[in-house]
Amino acid sequence: MSNLALKPNLLDLNLADCERLVLGLGFKAFHGRNLFKWIHKHGVVDFDAMTDLSKGLRDTLRDRVEIRLPRIIHDRPSADGTVKWIMELGDGQRIETVFIPEGRRTTVCVSSQVGCALSCSFCATATQGFNRNLSVGEIAGQIWHATRRIGAAPSNVVMMGMGEPLANFDAVVKAMDIMQDDLAYMVAKTRLTLSTSGIVPNIYRLREVSDVSLAVSLHAPNDALRDQLVPINRKYPLAELLPACKAYVSGDRRRRVTWEYVLLDSVNDSPAHAKQLVRLLEGIPSKVNLIPFNPFAGSTYGTSPPERIEAFRGRLTRSGIFTMTRKTRGDEIAAACGQLVGRVQDRTGRMGRVLVDSRRMATS
Ligand code: SAH
């Protein structure tokens with residue numbers, strides 16, 4: 001069946017869309033609220049089980065729309081409790097979603113694209129190339145499944161899976177809207193974090209439409225090094241990135257930018273790098289998340305030794321920057337940061353690398 005023949009997918013709709021749809025079908029808008037709640041809060045995707053909708057509406061819905069979820073095809077638990085779900089999408093593409101329990105906190109790490117176009121030199125997702133953006137329903141569908149598997153909505157969501165969320169702006173914003181909705185998953189804005197490699201214009205756009213927490217993959221304290229590690233820096237260098245991030249958290253004294261910094265052995269982990277980083281972040285409300293590099297097949301970097309990580313953290317902390325070292329979770333099932341690879345197919349169904357100019361992509 002071609003895409004054109006597919007009925008609209010209700011998972012692509014936020015609450016306002018759902019009300020509009022039901023109104024457009026000739027029913028009262030509040031039925032749209034109920035419909036939205038059935039799908040997301042109760043996890044019901046069979047129209048006949050939505051008992052407070054009239055038979056007329058249920059028949060119309062069955063006729064005109066669908067609820068298409070990604071399919072969990074693999075469930076890989078790790079000894080530390082982390083679980084990786086491999087999900088297959090309607091067109092056979094595969095993405096990964098990670099569940100990270102930690103005491104009472106439950107975090108779901110969500111993918112935003114099939115593959116990634118940004119070519120960060122230390123990231124496994126980059127090695128598979130880019131295929132396409134995920135739809136709203138494919139992003140929200142990851143939370144739908146996670147909620148059913150966990151037995152409750154996750155307390156925290158991080159847009160840190162495969163892909164660059166700000167390169168799929170509209171779908172990501174709408175999916176985050178669904179995650180935050182009281183009739184759906186009720187994820188608090190302080191517990192919903194979008195991580196970006198630094199697509200500057202879209203950081204400003206995000207500020208206009210959303211107030212989720214912002215994490216930025218910095219990884220280097222100067223342009224020369226960041227150009228190598230995070231190539232989008234050649235397009236949006238630090239002199240543009242830093243003011244955009246500062247603007248994002250301005251106006252609310254409690255907000256801070258989270259800077260992610262993957263520590264690569266003898267590449268970006270020296271005392272001089274730490275010093276430069278402190279200077280760079282001066283005047284920006286910040287916290288730093290140090291990530292020990294997670295190796296993957298074919299990667300050329302090494303993980304910094306623990307004492308160097310600790311020394312790096314010490315320097316930042318002594319300068320008054322709140323700094324945490326991220327615990328590596330789920331690495332034996334390749335679920336740790338930067339280890340996610342799905343299956344990118346080209347249009348003929350063959351596996352392989354689909355080359356896209358990352359600069360064109362990032363601004364589209
Ligand atoms: N594209 C977004 C979302 C990915 S988030 C971004 O760049 O922020 C995943 C985080 O893990 C990013 O900070 C990324 O830089 C980091 N990461 C990627 N590969 C890694 C690896 N091999 N080891 C540790 N962290 C890695």
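What counts, and at which threshold
Residues numbered from 1 in each chain as written. Predicted model: local features only at pLDDT ≥ 70, side-chain atom pairs only at ≥ 80, totals over all residues. Heavy atoms only, no water. Helix = DSSP H or I, 4+ residues; strand = E, 2+ residues; numbered from the N terminus. Buried < 20%, exposed > 50% of the residue type's maximum accessible area, 1.4 Å probe, protein only. Contact = heavy atoms within 4.5 Å. Arc of directions from axis to C-beta. Pairing = 2+ DSSP bridges. Near = heavy atom within 4 Å. Polar contact = N/O pair within 3.5 Å; in protein donor to acceptor, adjacent residues only side chain to side chain. Areas by Shrake-Rupley, 256 points an atom, 1.4 Å probe, with all protein chains shown as cover. Nonpolar A, V, L, I, M, F, W, Y, C, P; charged D, E, K, R; others polar. Axes fitted to C-alpha atoms, helices over the stretch in contact; angles between N-to-C directions. Parallel < 35°, antiparallel > 145°, perpendicular 65-115°, else oblique. Left-handed = near helix turned anticlockwise from the far one by under 90°. Core = buried A, V, L, I, M, F, W, Y, C linked by side-chain atoms within 4.5 Å.

1. With respect to the side chain of Asn9
Examined against the element boundaries, Asn9 turns out to sit in the segment before helix 1 (15–24). When its relative accessible area of 8% is taken as the criterion, Asn9 is described as buried. Not counting residues up to four positions away in its chain, the partners in contact with Asn9 are Glu66, Ile67 and Arg68.

2. A word on helix 3 (residues 55–64)
Leu57, Arg58, Thr60 and Leu61 are the residues of helix 3 that are buried. One side of helix 3 carries all its buried residues, which in axial view fall inside an arc of 165°. Turned more than 90 degrees off the buried face of helix 3, the exposed positions are Lys55 and Asp63. Residues of helix 3 that are buried in the fold lie against helix 1 and helix 2 (29–40).

3. Structural notes on the pairing of strand 9 (residues 213–217)
With 4 of its 5 residues buried, strand 9 lies for the most part within the structure. Pairing geometry for strand 8 (residues 192–196) and strand 9, over 4 bridges, is parallel. Opposite Thr196, over in strand 9, you have Val216 as the bridge partner. Pairing analysis gives 3 bridges linking strand 9 to strand 10 (residues 257–263), with the strands arranged parallel. Across the sheet, Val216 pairs through a bridge with Trp259, a residue of strand 10.

4. Notes on the site of the ligand
As a structural note, the neighbourhood of the ligand is formed by 20 residues, with Phe122, Ser195, Ser217, His219 and Asn294 the closest of them. Take Phe122: an N or O atom from its main chain is 2.9 Å from a nitrogen atom of the ligand. One nitrogen or oxygen atom from the side chain of Glu164 is found 3.2 Å from a nitrogen atom belonging to the ligand. Burial of the ligand by the surrounding chains reaches 94%, relative to a free accessible area of 540 Å². If you list the elements that add at least two residues to the shell around the ligand, you get strand 8, strand 10 and strand 11 (286–292). Grouping the amino acids of the shell around the ligand by side-chain chemistry returns 9 nonpolar, 9 polar and 2 charged.

5. Some thoughts on the packing of helix 6 (residues 169–180) against helix 7 (residues 200–209)
Between helix 6 and helix 7, whose axes approach to 12 Å, the crossing angle comes to 30°. The pairing of helix 6 with helix 7 is recorded here as roughly parallel in orientation. In the packing of helix 6 onto helix 7, the handedness of the crossing is right-handed. Across from Phe169, Asp170, Val173 and Met176 in helix 6, the residues of helix 7 making contact are Asn202, Arg205, Leu206 and Val209.

6. A word on the nonpolar core
Counting residues in each nonpolar core, the largest one holds 109 residues, and the members touching the most others are Leu35, Leu206 and Trp259. Once residues lying within four places of it in the same chain are set aside, the contact partners of Leu206 are Leu166, Phe169, Val173, Met176, Leu194, Val212, Leu214 and Tyr248.

7. Quick look at the packing of helix 1 against helix 2
The N-to-C vectors of helix 1 and helix 2 enclose an angle of 130°; their axes lie 7 Å apart at closest approach. Comparing the axis directions of helix 1 and helix 2 gives the class oblique. Regarding helix 1 and helix 2, the two cross each other, and that crossing is right-handed. Here Leu15, Cys18, Glu19, Val22 and Leu23 of helix 1 come into contact with helix 2, specifically with Ala29, His31, Gly32, Arg33, Leu35 and Phe36. Taken together, the residues that form the contact of helix 1 with helix 2 break down as 7 nonpolar, 2 polar and 2 charged.

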